[in-house]
Amino acid sequence: MKVGIDSIAFDVAKIHLPITTLATARNIEPEKLEKGLGLLKMTLADCHQDPVVFGANALTKLIQDNNIDLNDIARIYVGTESSIDGSKPISSFLITLMEQKFGEDSLSECDVVDFTFACIGGVDAMQNCIDYVILNPTKKAIVVTTDLAKYDLNSTGEYTQGAGALAMLIAINPKIIAFENHWATSTKGVFDFFKPSRTISKKAITGNDTNEPWFGNLESEIEIHKEQPVFDGQYSNQCYMDRTRNAYFSFKKLKQTNQPIYNTWKSIVMHLPYAFQGRRMLSEIYALDSETKIIIGNEDSKEYQNKLKEISKSDEYKNFVTEKLIPAELASSLIGNLYTGSIFMGLLSTLAHFHDNEKEISGAKFGFLAYGSGSKSKVFEGTIQDDWKEAVSKCNLFEILKNSFEIDFETYEKLHKKELDNSVLAPKNEWVLDRTETIISTLLGARYYKWID
């Protein structure tokens, strides 16, 4: 029995800042970001948007464009690292909004939950839904990934920002891709990238040490939540390489093959915090799994690292990148990081590329190398199905990305600091954050949304 992605939809922020604009303002050579990292634009959430809005828009498109009967949906599982509440999951917001639009109680028997493991949470959600559909083939499930990748101003992650969501229908006999039942995992608990609860003393805010109540806070310390992470870029890259390498060779064991398994994949889809991250991280696996074993030795040695750099600059590896990796990079260059949605946008980018160039890929195998900081990697593969073109044609990925609205640097900084009173673009045919409760004591902080025609 085949199980996989039957249909897919997306929603990304409609405004962007050109990378050249950011580079100029930050005194960075634009070529370093454009040609070095593959960055062209970074998309930014408008004032009326948050992870619920992006997720609800993608889910609404998925349901409408594919005439999905909600009675068939047993699960809506969300992958995110941009939760807006410490208790209430984004998925519970989504079913409320879908019932507002498609009928009261239409999803009242649907199971919902959020998966959080940095950027790999969406893959975890999908694997869980695939397992469920295998056991319950008359049912279908939906996976939603939704995130805001926001970094501190002037930080080394600033130019990788992005915002958006994807929604995917998981079913038997899928139109787009069917996944094999081999999932290899490599996990280790590290601090390469995380979003901790941070505190500041109440005295530092109020100026007195009597610990008087402050906006309802009785504790002497005030907890602070920031959307921006704590991270070590160089260490995170190493963790990415280590976990992915280990998962890749575990996958080879599951497949019981001694041949380079990447040669069996038409395209390779990886987590892309920036467009060229995959090609930078994959060179070691490319070398270690080659038929000629072109790299050996202690990975921490200078000789090993120099050889790895040499391989990454070789014509052979560049051709490998062109053939197997570039299609997944195209959308990333125009969007930025989508955290949990990054690997699925890479899949959609690849499919849209082949569709727009009228290339037939039915029956081709795709390899997936997922990663989430903290840290975990999963490697798996899938086979493109005969009806993939029909399903992908509804998305109009690159046409929509082409119409993104450019903002200037001053607007970008005000938006980042939340100093704008109104949205840059007036919302149309989309969900919006309508208001946050500030008066009723039993509902303080509750967020309410509405559809704008």
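All of these numbers come straight from a predicted model, not from anything done at the bench.

Rules used throughout
Residues numbered from 1 in each chain as written. Predicted model: local features only at pLDDT ≥ 70, side-chain atom pairs only at ≥ 80, totals over all residues. Heavy atoms only, no water. Helix = DSSP H or I, 4+ residues; strand = E, 2+ residues; numbered from the N terminus. Buried < 20%, exposed > 50% of the residue type's maximum accessible area, 1.4 Å probe, protein only. Contact = heavy atoms within 4.5 Å. Areas by Shrake-Rupley, 256 points an atom, 1.4 Å probe, with all protein chains shown as cover. Lys, Arg positive; Asp, Glu negative; His and termini not counted. Charge placed at Lys NZ, Arg CZ, Asp CG, Glu CD. Salt bridge = Lys/Arg side-chain N within 4 Å of Asp/Glu carboxyl O. Core = buried A, V, L, I, M, F, W, Y, C linked by side-chain atoms within 4.5 Å. Patch = residues over 30% accessible without salt bridge, like charges linked within 9 Å, V, L, I, M, F, W, Y side chains within 5 Å. Pairing = 2+ DSSP bridges. Arc of directions from axis to C-beta. Polar contact = N/O pair within 3.5 Å; in protein donor to acceptor, adjacent residues only side chain to side chain.

Student: Break down the overall build of the chain for me, with residues and values.
Tutor: The secondary structure content of the chain amounts to 15 helices and 19 strands. Burial analysis of the chain (453 residues in total) assigns 53% to the buried set. Partitioning the intrachain contacts of the chain with sequence separation of at least 6 by distance along the chain shows that 76% fall at a separation of at least 24. Put simply, the chain shows about 20700 Å² of open surface, and 47% of that area lies on carbon and sulfur atoms. In the chain, which carries 49 positive and 62 negative side-chain charges, the distance between the mean positions of the two groups comes to 4 Å.

Student: Can you break down the pattern of salt bridges residue by residue, with the values?
Tutor: With the rule as written, the count across this model stands at 26 salt bridges. A salt bridge links Glu158 to Arg26, with the nearest nitrogen and oxygen atoms 2.9 Å apart. With Glu158 in the loop between strand 6 (140-149) and strand 7 (162-172) and Arg26 in the loop between helix 1 (19-25) and helix 2 (30-37), this pair connects stretches of sequence that are 132 residues apart. Neither Glu158 nor Arg26 differs from the other in exposure class; each is buried. Note that Arg245 is salt-bridged to Glu284, the shortest N-O span being 3.1 Å.

Student: Please provide a residue-by-residue account of the nonpolar core, values included.
Tutor: Buried together is how nonpolar side chains tend to be arranged in soluble globular proteins. Ranked by size, the top nonpolar core spans 51 residues in total, and within it Met126, Ile170, Met345 and Phe366 carry the most contacts. For this core, the element with the highest residue contribution is helix 12 (residues 342-356), accounting for eight residues. Leu59, Leu62, Ile142 and Tyr449 belong to the second-largest nonpolar core, a separate cluster that totals 34 residues.

Student: Now, about a nonpolar patch on the surface: what can you tell me, with residues and values included?
Tutor: A grouping of Ile200, Ile205 and Ile224 is seen on the molecular surface, where their side chains present a nonpolar patch of about 200 Å² in accessible area. Assignment of secondary structure puts Ile224 in strand 12 (residues 221-224).

Student: Residues and numbers for the sheet that holds strand 17 (residues 405-406), please.
Tutor: Strand order in the open sheet formed by three strands is 3-2-17, and the pairing between neighbours is mixed. Among the strands making up the open sheet, the edge pair consists of strand 3 (41-44) and strand 17. Relative to strand 17, strand 2 (residues 15-18) runs parallel, the two sharing two bridges. Residue pairing for strand 17: Ile15 is matched across the bridge by Phe405.

Student: Break down the environment of Ile200 for me, with residues and values.
Tutor: Residue placement: Ile200 occurs in strand 11 (residues 198-201). Residue class for Ile200 comes out partly exposed when judged on its relative accessible area of 31%. Remark: the alpha-carbon pair of Ile200 and Ser220, spanning 20 residues in sequence, is separated by 8.8 Å. With near-sequence residues (within four places) excluded, Ile200 lies in contact with Ile205, Ser220, Glu221, Ile222 and Ile224.

Student: So what's going on with helix 15 (residues 409-416)? Which residues, and what values?
Tutor: Of all the positions in helix 15, only Phe409, Tyr412, Leu415 and His416 are classed as buried. Buried residues of helix 15 fall within an arc of 125° about the axis and therefore sit on the same side. Tucked inside the fold, the buried residues of helix 15 contact strand 2, helix 1 and strand 3. Capping the start of helix 15, Asp408 holds a side-chain oxygen 3.4 Å from the backbone nitrogen of Glu410, two or three residues further along.

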